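Examination of the molecular architecture
Letter by letter, the chains look like this.
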Amino acid sequence: MNTPFQNALSQLERATKLVSFPADFLKRIAQPNRQIRVSLPVNMDNGTLNIYEGYRVQFNNARGPYKGGIRFHQDTDMEEVKALAFWMTLKCAVANIPMGGGKGGVTVNPKELSETELEALSRAWMRSLVDVVGPQKDVPAPDVNTTPEIMAWMADEYAKRTGDTTGAVITGKPLEAGGSQGRATATAQGGFYVFEALKEKLGLPEVCKVVIQGFGNAGEHAADIWTKAGHKLVATSDSKAAIRNPEGLDVLALYEHKKATGSVAGFAGGETFERDELLYQECDVLIPAALENQIREDNVDRLRAHIVLELANGPTTPEADDRLFARGIAVIPDILANAGGVTVSTFEWEQNVKHEHWSEEDVFAKLKSIMHQEAQLIFHRSQDLHTDLRRAAFVIALERLEQAMKI
Ligand code: GLU
């Protein structure tokens with residue numbers, strides 16, 4: 001299987017076959033500006049010392065400070081972080097926000113750490129990278145398995161070491177620590193605005209059957225937002241199991257169950273089934289909201305969805321994209337569908353820098369206008385180019401990046 005970065009480069013190559021770009025620009029955009037690897041020592045509760053490997057990839061800052069989350073996951077490595085940083089570069093250009101692309105990570109299963117150990121690890125990450133991040137240099141945020149609380153620890157560590165207490169160094173903080181209204185739900189909310197903007201164009205019914213892979217940072221809020229808008233969540237999964245109910249799952253009761261037991265498995269309001277089967281459930285909207293490389297050449301033909309909306313980063317491989325396009329299944333690509341998260345992060349950064357506080361209403365109004373506008377633009381470009389939405393999104397992002405790099 002290709003690595004996420006190989007897939008990312010293949011997406012780049014495919015998009016740039018449709019519209020030509022200067023060769024030097026393409027050379028530069030395919031390589032990160034800087035890749036940093038750090039050792040993070042943590043004194044464990046049992047008295048031993050563990051050293052974790054941490055990363056920051058600063059991919060491109062032509063449009064503004066590097067921007068992107070930090071992932072805590074046992075399978076995370078530099079290659080993955082590099083791909084995620086590349087996608088952040090394109091994503092910020094798609095959303096047309098004044099940010100470049102970066103990403104961070106730590107190879108760790110945070111579920112195996114105590115709260116004290118998790119805090120020590122988070123502070124160690126910031127301490128080790130304090131010279132390379134900063135409000136005008138590189139602004140991290142949450143990603144898979146990282147939370148507002150982790151962002152608060154990191155912001156505090158940065159403030160202690162630099163004296164900068166604005167909080168603008170990192171986004172996705174809790175409200176009490178300078179976070180923005182709406183940030184926690186922004187990724188899912190942005191995806192929903194894109195869905196709304198394209199629903200009719202993609203021939204979706206009034207009430208959609210929705211399947212969500214992943215009940216974490218993005219997926220659980222998506223479940224809430226789509227069902228509150230009158231759609232039906234017919235199946236969802238987490239890292240342990242999947243649950244389905246053709247009549248629609250009761251999302252609130254499912255949250256409570258997951259909070260109490262740690263998984264969706266065994267939820268009384270549905271049937272528990274094998275999590276690998278989740279992607280093949282019949283539905284109108286399939287929302288991958290977990291990890292990369294989920295929809296591949298070897299399983300793509302089993303999908304029974306009308307459209308795919310990528311809240312995860314990189315869930316579909318380039319080969320699977322072609323199969324879906326040939327079958328008339330539209331894929332709303334990650335760099336558009338999940339751009340709501342980084343967009344509201346940028347609002348948070350702006351509020352911190354200007355010492356302002358915006359209402360939730362203002363945040364969502366601004367988010368909605370960006371997502372609707374960029375979704376329409378990408379849809380029309382895909383029609384003009386007779387191509388899929390991913391290639392169209394890449395072309396628009398690359399045009400904006402090329403302009404910025406030229407200037
Ligand atoms: N981790 C999120 C993403 O992949 C958000 C990044 C951010 O807010 O900077 O887009």
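In this report, we go over the structure that sits alongside the text. (Residues numbered from 1 in each chain as written. Predicted model: local features only at pLDDT ≥ 70, side-chain atom pairs only at ≥ 80, totals over all residues. Heavy atoms only, no water.)

Some words on the packing of helix H12 (residues 360-384) against helix H13 (residues 389-406)
In contact at an axis separation of 8 Å, H12 and H13 are set at 110° when each is read in the N-to-C sense. One element, H12, and the other, H13, form an angle in the roughly perpendicular class. Remark: the crossing between H12 and H13 carries right-handed chirality. The residues of H13 that touch H12, namely those facing Glu-374, Leu-377, Ile-378, Phe-379, Arg-381 and Ser-382, are Leu-389, Ala-392, Ala-393, Val-395, Ile-396, Glu-399 and Arg-400. (Axes fitted to C-alpha atoms, helices over the stretch in contact; angles between N-to-C directions. Helix = DSSP H or I, 4+ residues; strand = E, 2+ residues; numbered from the N terminus. Parallel < 35°, antiparallel > 145°, perpendicular 65-115°, else oblique. Left-handed = near helix turned anticlockwise from the far one by under 90°. Contact = heavy atoms within 4.5 Å.)

Remarks on the sheet that holds strand S4 (residues 101-107)
Strand-to-strand pairing in sheets goes through backbone hydrogen bonds, with the strands running parallel or antiparallel. The 5 strands lie next to each other as S1-S2-S4-S3-S5, forming an open sheet whose pairing is mixed. Unpaired on one side and paired on the other, strand S1 (34-43) and strand S5 (138-142) mark the two borders of the sheet. The average undirected angle you get between the axes of adjacent strands in this sheet is 25°. By the bridge criterion, 4 bridges tie strand S3 (residues 66-73) to S4 in an arrangement that is parallel. Looking across to S4, one finds that His-73 is bridged to Thr-107. Its contacts with the sheet place helix H4 (residues 115-129) against S1, strand S2 (49-60), S3, S4 and S5, and it is angled at close to 140° to S1. (Pairing = 2+ DSSP bridges.)

Considering H4
Between its first and last C-alpha, H4 extends 21 Å over 15 residues, near the 21 Å set by a 1.5 Å rise per residue. For H4, every residue scored as buried is listed here: Glu-117, Leu-118, Leu-121, Ser-122, Arg-123, Ala-124, Trp-125, Met-126 and Leu-129. Against S1, S2, S3, S4, S5 and helix H5 (148-162) lie the buried residues of H4. (Expected span 1.5 Å × (residues − 1). Buried < 20%, exposed > 50% of the residue type's maximum accessible area, 1.4 Å probe, protein only.)

A short note on H13
Working note: α-helix, 3.6 residues per turn, so residues spaced by three or four point in the same direction. Between its first and last C-alpha, H13 extends 26 Å over 18 residues, near the 26 Å set by a 1.5 Å rise per residue. By the criterion of burial, H13 is predominantly enclosed, with 13 of the 18 residues buried.

Quick word on the sheet that holds strand S8 (residues 242-244)
On the basis of which strands lie adjacent, the open sheet formed by 7 strands has the order S9-S8-S7-S6-S10-S11-S12 and mixed pairing. Looking at the sheet topology across the chains shown, the edges are occupied by strand S9 (271-273) and strand S12 (330-332). Averaged over neighbouring strand pairs, the angle between their axes works out to 25° when direction is ignored. When strand S7 (residues 232-237) meets S8, the two strands line up antiparallel, connected through 3 bridges. Each residue of the ladder has a partner; that of Ser-237, found in S8, is Ala-242. Together, strand S6 (209-213), S7, strand S10 (283-288) and strand S11 (305-309) form the strand contacts of helix H7 (residues 219-228), whose direction differs from that of S6 by roughly 170°.

A few points about the packing of aromatic side chains
Under the criterion given, the structure shown has 10 aromatic pairs. With centroids separated by 5.5 Å and ring planes inclined at 35°, the aromatic side chains of Phe-215 and Tyr-255 adopt a geometry described as tilted. Note that Phe-215 is positioned in the loop between S6 and H7 and Tyr-255 in helix H8 (residues 251-261), a separation of 40 residues in sequence. Of the residues examined, Phe-215 reaches a relative accessible area of 4% and is grouped as buried. A ring pair is formed by Phe-347 and Trp-358, whose centres lie 5.6 Å apart and whose planes are at 45°; its orientation type is tilted. You can see Phe-347 sitting in helix H11 (residues 339-354) and its partner Trp-358 sitting in the loop between H11 and H12, a full 11 residues away along the chain. In this structure Phe-347 comes out as buried when scored by relative accessible area, which is 6%. Feature note: the residues Phe-5, Phe-59, Phe-86 and Phe-394 constitute an aromatic cluster, connected by ring pairs. Positioned above the aromatic ring of Phe-5 is the side chain of Lys-82, whose terminal nitrogen or guanidinium carbon lies 4.4 Å from the ring centre. (Phe/Tyr/Trp six-rings, centres within 6.5 Å; stacked < 30°, edge-to-face > 60°. Lys NZ or Arg CZ within 6 Å of the ring centre and 35° of its normal.)

Digging into the side chain of Glu-157
Along the chain, Glu-157 turns up in helix H5. At a separation of 2.9 Å, a polar atom in the side chain of Glu-157 contacts the side chain of Arg-123. Leaving out residues up to four positions away in the same chain, Glu-157 has contacts with Arg-123, Met-126 and Arg-127. (Polar contact = N/O pair within 3.5 Å; in protein donor to acceptor, adjacent residues only side chain to side chain.)

Things to note about the nonpolar core
Ranked by size, the top nonpolar core spans 90 residues in total, and within it Phe-86, Val-285, Ile-287, Leu-309 and Ile-332 carry the most contacts. Broken down by element, the residue count for this core peaks at 13 residues, all from helix H3 (residues 78-95). Beyond its immediate sequence surroundings of up to four residues, Ile-332 is in contact with Val-194, Leu-198, Leu-202, Ile-307, Val-308, Leu-309, Glu-310, Ala-337 and Leu-389. Grouped together as the second largest cluster of nonpolar side chains are 28 residues, Ile-70, Phe-72, Val-130 and Trp-153 included. (Core = buried A, V, L, I, M, F, W, Y, C linked by side-chain atoms within 4.5 Å.)

Brief notes about unusual backbone geometry
In this structure, Asn-293 takes a positive phi of about 55° despite not being glycine. Note that Asn-293 resides in the loop between S10 and S11. Notably, His-386 is not glycine yet its phi reads approximately 50°, a positive angle.

Some words on the site of the ligand
Near the ligand lie 14 residues; those nearest to it are Lys-67, Lys-91, Pro-142, Asp-143 and Ser-345. Here an oxygen atom of the ligand and a side-chain polar atom of Lys-91 are 2.6 Å apart. The side chain of Asp-143 places a nitrogen or oxygen atom 2.8 Å from a nitrogen atom of the ligand. For the shell around the ligand, the secondary-structure elements that each account for two or more residues are S3, H3, S5 and H11. Here the residues of the shell around the ligand sort into 4 nonpolar, 5 polar and 5 charged. (Near = heavy atom within 4 Å. Nonpolar A, V, L, I, M, F, W, Y, C, P; charged D, E, K, R; others polar.)

Points about the environment of Phe-195
Within the secondary structure, Phe-195 sits in helix H6 (residues 186-198). Accessibility expressed as a relative area gives 2% for Phe-195, which makes it buried. For the pair Phe-195 and Leu-309, spaced 114 residues apart in sequence, the C-alpha separation works out to 7.9 Å. Excluding residues within four positions of it along the chain, Phe-195 makes contact with Leu-204, Cys-208, Trp-226, His-231, Val-285 and Leu-309.

These values are about where atoms sit, not about what they do.
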